[in-house]
Each structure stands twice: as structure tokens, then as C-alpha cells.
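Coordinates in review
Each chain, letter by letter, is given below.
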Amino acid sequence: MTKPEENKTKTSNLIIEKIKSIWVIIGITIFLIIIIEGIASLIANFVFVDPVTRKYNEQEEIFKNSDYYKNLKKEEMASLKVRWDPYDYWKRVPFKGKYVNISFEGIRKTWNPVIKNTKARPLTIFIFGGSTMWGTGSRDDYTIPSDVAKILSENTNIDFQVINLGEYGYVSAQELISLIRELQKGIVPDIVVFYDGINDTYTAYQNCTAGLSHNEFNRVKDFNLHQDKNRLAENYLNVAIKTSGIYRVMSTLKKTEQIKDPACENVDMLVDSTIYNYLTNIGLVEHIGKLYGFKTLFYWQPSIFCKKELSKYEQKQLAKEKYLQDFHDKVYNKIKSLAMLNSKANFTNLSDIFYNSKEELFIDYSHITENGNKAIAEKIAEDVLKIIKEKDNKGK
Amino acid sequence: MSSEIKSENFLSKLIAVLRYIWIIIGITLLIFLILDFISGLLMNKIDSVNLQAKCDEEAKAFNKPEWYENYFFENEKAMKIRWSPYIYWRRESFEGKNININQKGLRQTWNKDKGDSAPKKIFVFGGSTTWGTGVRDNYTIPSQLSRFIYDKTKYNVEVTNFGELGFVSTQELIALIKELQLGNVPDIVIFYDGNNDVYASYQNGVPGVSHNEFNRIKNFNLENDKSALYKAAIAKAVESSGIYRLIYYLRGKFFGVHIDIPDYTSDRLIDYTLRFYIVNIMIIENLGKLFSFKTLFYWQPNVFFKEQLTDVEKNRSAPELYLKDFYKNTYKQVTLSSYLNNKSNFHNISEIFMDDKDTIFIDYCHLNEEGNKVIAERMFNDLKSILDSENDIK
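These figures come from a predicted structure and were not determined experimentally. (Residues numbered from 1 in each chain as written. Chains lettered and ligands numbered in written order. Predicted model: local features only at pLDDT ≥ 70, side-chain atom pairs only at ≥ 80, totals over all residues.)

**Details of the overall build of chain B**
Helix and strand counts for chain B stand at 14 helices and 7 strands. Compactness check: chain B gives a C-alpha radius of gyration of 27 Å against a globular reference of 21 Å for 394 residues, more than 25% above the reference. Along the first, second and third principal axes, the C-alpha atoms of chain B reach 115 × 50 × 45 Å. Counting the 394 residues in chain B, one finds 35% classified as buried. (Helix = DSSP H or I, 4+ residues; strand = E, 2+ residues; numbered from the N terminus. Rg over C-alpha atoms; globule rule 2.2 N^0.38 Å. Buried ≥ 20, exposed ≤ 12 C-beta atoms within 10 Å, placed from the backbone.)

**Comments concerning the confidence of the model for chain B**
Across chain B, the average pLDDT comes to 92, with 97% of residues at or above 70. At the level of chain-chain contacts, confidence expressed as ipTM amounts to 0.88, with global pTM at 0.90. (pLDDT = per-residue confidence, 0-100.)

**Brief notes about the interface of chain A and chain B**
Counting from both sides, the interface comprises 40 residues of chain A and, opposite them, 42 residues of chain B. The set of elements that each furnish at least two residues to the side of chain A that touches chain B consists of α1 (3-47), α6 (172-184), α8 (216-222), α9 (229-243) and α11 (267-292) of chain A. Among the elements that take part in the side of chain A that touches chain B, α9(A) stands out by supplying 8 residues, more than any other. In terms of residue class, the side of chain A that touches chain B is built from 21 nonpolar, 13 polar and 6 charged. (Contact = placed C-beta atoms within 7 Å. Nonpolar A, V, L, I, M, F, W, Y, C, P; charged D, E, K, R; others polar.)

**Describing helix α13 (residues 322-337) of chain A**
All names here are of chain A. Along its 16 residues, α13 runs 23 Å from first to last C-alpha, staying within 8% of the 22 Å computed at 1.5 Å per residue. The axis of α13 is deflected most strongly, by about 30°, at histidine 328. All buried positions along α13 are accounted for by Leu324, His328, Val331, Tyr332 and Ile335. The inward-facing, buried residues of α13 abut α7 (198-207), α11, β6 (295-300), α14 (339-342) and β7 (347-349). (Expected span 1.5 Å × (residues − 1). Bend = angle between axes of the 7 residues up to and from the residue.)

**A few points about the pairing of strand β5 (residues 191-196) of chain A**
All names here are of chain A. Where burial is concerned, most of β5 is hidden: 6 out of the 6 residues are buried. The two faces of β5 match: Ile191, Val193 and Tyr195 on one face and Val192, Phe194 and Asp196 on the other face are all buried. The sheet contact formed by strand β3 (residues 123-129) and β5 spans 5 bridges and is parallel. Counterpart to isoleucine 125 in the pairing with β5 is isoleucine 191. Both β5 and β6 contribute to a ladder of 6 bridges, which runs parallel. What sits directly across from isoleucine 191, in β6, is lysine 295. (Pairing = 2+ DSSP bridges.)

**Details of the packing of α9(A) against helix α8 (residues 226-239) of chain B**
For the pair α9(A) and α8(B), the least separation of the axes is 9 Å and the interaxial angle reads 145°. For the pair α9(A) and α8(B), the crossing hand works out as left-handed. Mapping the contact onto sequence places Lys229(A), Leu232(A), Ala233(A), Asn235(A), Tyr236(A), Val239(A), Ala240(A) and Thr243(A) in α9(A) and Lys226(B), Leu229(B), Tyr230(B), Ala232(B), Ala233(B), Lys236(B) and Ala237(B) in α8(B). When the residues that make up the contact of α9(A) with α8(B) are grouped by side-chain class, the tally is 10 nonpolar, 2 polar and 3 charged. (Axes fitted to C-alpha atoms, helices over the stretch in contact; angles between N-to-C directions. Left-handed = near helix turned anticlockwise from the far one by under 90°.)

In C-alpha cells, the structure reads:
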């Protein structure tokens, strides 16, 4: 071997050795990260409580005198799983429990009286809304629709069934689409109730656009994700980092507060479009009602910001969502001032129903206790009974 | 002491073995990456050659119009879609010579303002046949309709093309509702449907849902599901690797490509497909009453309703021949529906090309520019009487 050839071999051997060393160092680093991650995960599993569990744990305070809460909490947490539903995005997966039962179609069980005449079609009442209507924090038999059914059964002899079409996070646009989907299937109600306000307001604020669903940005992220290699890798890395033990331990140590304010531009315009959107939706529901011959009732729901006398627990809940209050008040005040809306015979603004109440009613800023549900149900049932009586008189 | 030496020896041996395995893994990985890179380059080249061949073949089939090559490659780029709330997708904005899509995701339509009064708004809804797959901006159905109105009447109109790739009538109904929510109220709406409603039902085995609804199910909440994301990311990485693409290509070349054809042909599915469509048009009509706009509905043609097929039509519709019976049966129900056929604003034009001898279809459902002109003229005739009657009322 000549000298230059020898030198060449030496240099390439050196390079190969260097590459080998770098590769070994990479291996050792990966090994160390895995060990640290394993330890951090163990620590995080002891220390870290996920936000949903934390929320439910906190709520134990308001349910301290109820013997059912522990069971209800367990069942509610287990029934949070949702599946895709065409056009209105999601419905819960079926669930069987003592206090929470969800049908194959994703509909929560409602207390209904026994049908006397099984040959005739019972009067059907659809009730739409978000999780407040679904009944977060309440047992199946004590949701608003169940309470409406109980009051109706005490005051009328006709056969009827109340169907709870409330769903976690639904805004009025999703409810309108849900109604259309039912009609497409050939299921036509006699009375339709829409109970809205909080979700329409919150989502407008969250997305800085009116009419969109909760976390619409997730739909944007999800769209065609399966088909996109780069976005899949990016999202996986993101989730892997956020669920890693190291990240969880570090974020627990840092205790960073999530910034919830999306800082929307032109808030006044957003308020107007939120209301316009709602008005368009209820206008459409009304007209679809005329086409199919069903009656419509619309309710604007209360929130913790509409209650004057707050318990200590309620004050804590309000403080957590304080960032939303300004926008909420603007929307709610505008709703109150709209003469054309408030003069509608089938619209009732229930936002102040608990204004002077001293009772502890709010589980969080929007969900109410079973007692609260009962008060709302009384108002709805009163209007439903009027319609039933009118129908009855016409029939006679 | 000797046991210490023994354990030290064992440890150093273990480390050496691990180091050795790790280096072998590294070398394997390196070889794999090089092979994948080369296969990727090869497949990119094959794909681009195939795309050009496809373009040449299509151009030849359509008598080599000089604009076709440009259109073909613009269409490839303009296929990119983004999420649109409640209706799932709209195209991304695009600027080209033959294809232009605005920020809202709507295709450009030929419109000329007569300037004497505020133009009447005409919204045209439909799938890719309305959007204008296979034709230039100025020769889509909405563009040709606008031109007919401009040339043959005194009316000032602005036609908007709300057609979108794969849209079914439920998506179109929601798209209309979204416009109304925004305060964008039309004077006349036209719905041109049939093919997508029928195909989506057949594909999903369920009526009323969108094309590839299973993708929505697969993707829902995926970004929050670590293990599903992991599986999907790995599957996609494998699928888009150069080696996999090459193997898949070679397999197709030598053994042919197998396509799973669903078999949903029940009468119930046909009934429900039609029922969903009827509910949609009932609701649209009622929205028309609320917002004071007129409505026109068309049940569109496809290649299965043309008796005299040219060779081009035969060849290009051959891959969808398996759909023929389902289409025929659904269309038969449309013809038999007394509700639909008693409506003065519903027009079943599925057989409009029945006796035509020229090439009209560029595949089993999309029309060429001449075909679009025939449809636009048919719409124009119905629209003119609406415009005339509104003018008389004034």
C-alpha cells in the first residue's frame, strides 16, 4: 500500500469511527430519555390530576348532601365519550348506568309516563339544547326534559313522549341541523323546544366568529388528518410531548394558567352577529315547524352571571369564568333589549330566573342542580301545556 | 475479587454486544433510508410521467382543445380543500388561467353587470358537475346560464357558483342556510342534484351522508387520541414511503389493482335516498317562502341515461359501470314519485341527452362544455319565466 492510499484508508476509518461514536451517543441519549421519562411518568401519575377529574372533584362540594353524587360522577365521566355524527358533529356513545343511560342513537334517557293507547301515536316533544339540557350534574330522571315530562303527566291525560335531544356543547346551529336530520329520517315531532344561550355565546367568543361549534379549530385540525403524513406526524409529536411524563411534571411545577381570552377584534360586531345567527336559526326552525305542522318554543337560558345572590361555591365558579363575563353581558343585554324577539309569543327569556334566588343552584358557570332544572322545567311545561290545551280545543 | 472481575467482564461484554447491535441497527436504517430515497425519486418520476400521459389521453379523447393541458394541471393544483363548518369542505383559493377560486372557496362565474339596477342574485348549488370539473371558468353551468340571461334578456343578474366537489343535497341545504345566517339572501336558488346523493348513499350504505363519510369518522377527535394518531402516522408514513409506493406500483403493474365495490342495493336504501332528497327540497322551498326567494330543482343526467354512447364515453365511464343498476333503480323511483313530478319547480332532466350522438360525458357524470351549455339553456328557459313574472309584478 502506498502512503497516500494508507492515509486515505486511515481518514476513512477515522470518519467511520466518528460516525459510530455519534451513533452510540445518540443511542445512549435515547436510553437516558426513556429512563427519565419513565420516572417522570410515575411521578406525574401520582401528582397530576386531569382537568375533568379535577372539575368533578371540586363539584363534590355542592353535592355534599346527596348520596348519589359519587355514582353519578363516575357514570358521567365514563359517558363523556363521543362519536362522529354527520353534519352536527358528535353524539355520545351508548351507555348503561344507574343514573346515566344513553341509547344507541346517542340520546339520554328521559322519564316518560307509560303510554295508555299503544295503537295511536303519542304526542312527541323534542327538546334541544346543550349539556344543560342533556343534564350534566343530574340523574336521568331529574334532567329538564324528565321534569317537563313529570309535570305534563300530572296535568294532562293525553299520551305523550318527551325526547331529550340535548347534547354536550351544542349550539343552536347544531340543534337546527339535528332537527333537520330527524325530519329526514321521517321522525316528525308535535312540539319542539330550543333552550339556548350559553353555548352560542361562548363559542362565538372562543372562535371569534358566530355560529360555529365548540372547539371548531379541532374540526379544522382533524379534517383529512388521516390523509396527511406531515400533519399526522406533527400532531402525534404534539400529543406525545403533552402527554409525556416530563412535560406533565414540568407543567405541574410551572403551574401555568391557561390564557382563555382569544382577544377577538370588533367585539360589538361579534355580539350582533351572534344574535343575528341565533335569530336566523330560530326563524328557520319556526318556518320548518309551519311546513311540518309542529309548534315551537324558544328559551334563552340563565347563567351564573345572571344571579345576584351567589354562594361561596358559586362565587368561586364565577371567578373561574370571569374572562367571559363582559362578552356574555353584552350578548345577554342585547337579547333583553330586542323588542322583536321579546314580543314573540313563543320566545321566553329565562336568563334572570334565578336572579334573586338565594339557593345554591349553579354547579359551574352554566350547569344547574336538579332543583334548578325543576324551576326551568316548570316554565317550559307551562307553555307546552298551553299548546296541548289549544290542540285539544281545536280537536274538539 | 474474582467475582468482581467476572461481573466487570460480563458488564463490558454486555455493553460491547449492545453497542454492536446498536451499530447494526444504524447501518440497517441507513441502507433503508438510501433505498427509500431512491425508490421515492423513481416513483416521483413515474407519477409525473403517468400524469402527463393521463393528460394527453384525456386531451386526445376530447379532440385536443388547446386549453386542455393548462386546465388539466390547474385542476390538479386546485383540488386542495380545507375544512368548512357544517358542510365539511370548500376548495382553497386558486388563481389560474382556466380555474379561479375565490377566498370563500367558490369558483369564478362569468357575470356582466348591466348596471341599470342592483343585480338579482342567483345561487346555483350542486356537486362537481356544477362546480365545472372538466371545463373552464367561463363554461361551467352557472357561467353559461349567466351568459344566456345576459344575451337573451334585459335582466341584470349575478350568478354565483356554489357547486363543490362531491356535495350532496344536504350539504347544499346547509351551505344555503350558512349564507342566510350571514345575511346573504338570494332572489333565486337552483339545485342541480342526483348523482352525488345516489353515489354517497351507495358508497356508505346510508342515505343523506356525504362522500367518504367514513373519513369524518376516522378523523374525528383524532388529534387528541395519542394511540390512534400513532397508528395513523405510522400507517401513513409506510404508505407514502418510496419503497411502499414502488411495491404498490409494481404489484398493480403485474397483478392489477383490486377495488372493493360495496354492495348496497336494497330498495329501502333507494327509498330513503329519495326521501332525504325530498325533505331537503321541501325545507329549501320553505326557506324560500321565509326569505322571499324562488327555487328551481333539477335531477341531473348521467351516462347511464344516454342511449348512443361514443367510444370515448364508453371507455371513460367503464370504471363506474358497477353503479348502473343502483342509479337506474333510484332514477326510476324519481320518475315514479308523484310528489316530485307534480311540483312545477322540479325538473327531471336525467334523460336530456338520451338520443344525443355526440360526446357529452367526459366520465360517467361530468359533462363537457357543450353538455353544460345544454343544461344551462334548459335552466335558462325555466328561469326566464320566473324573471319575467317578477318583472310583471313590478
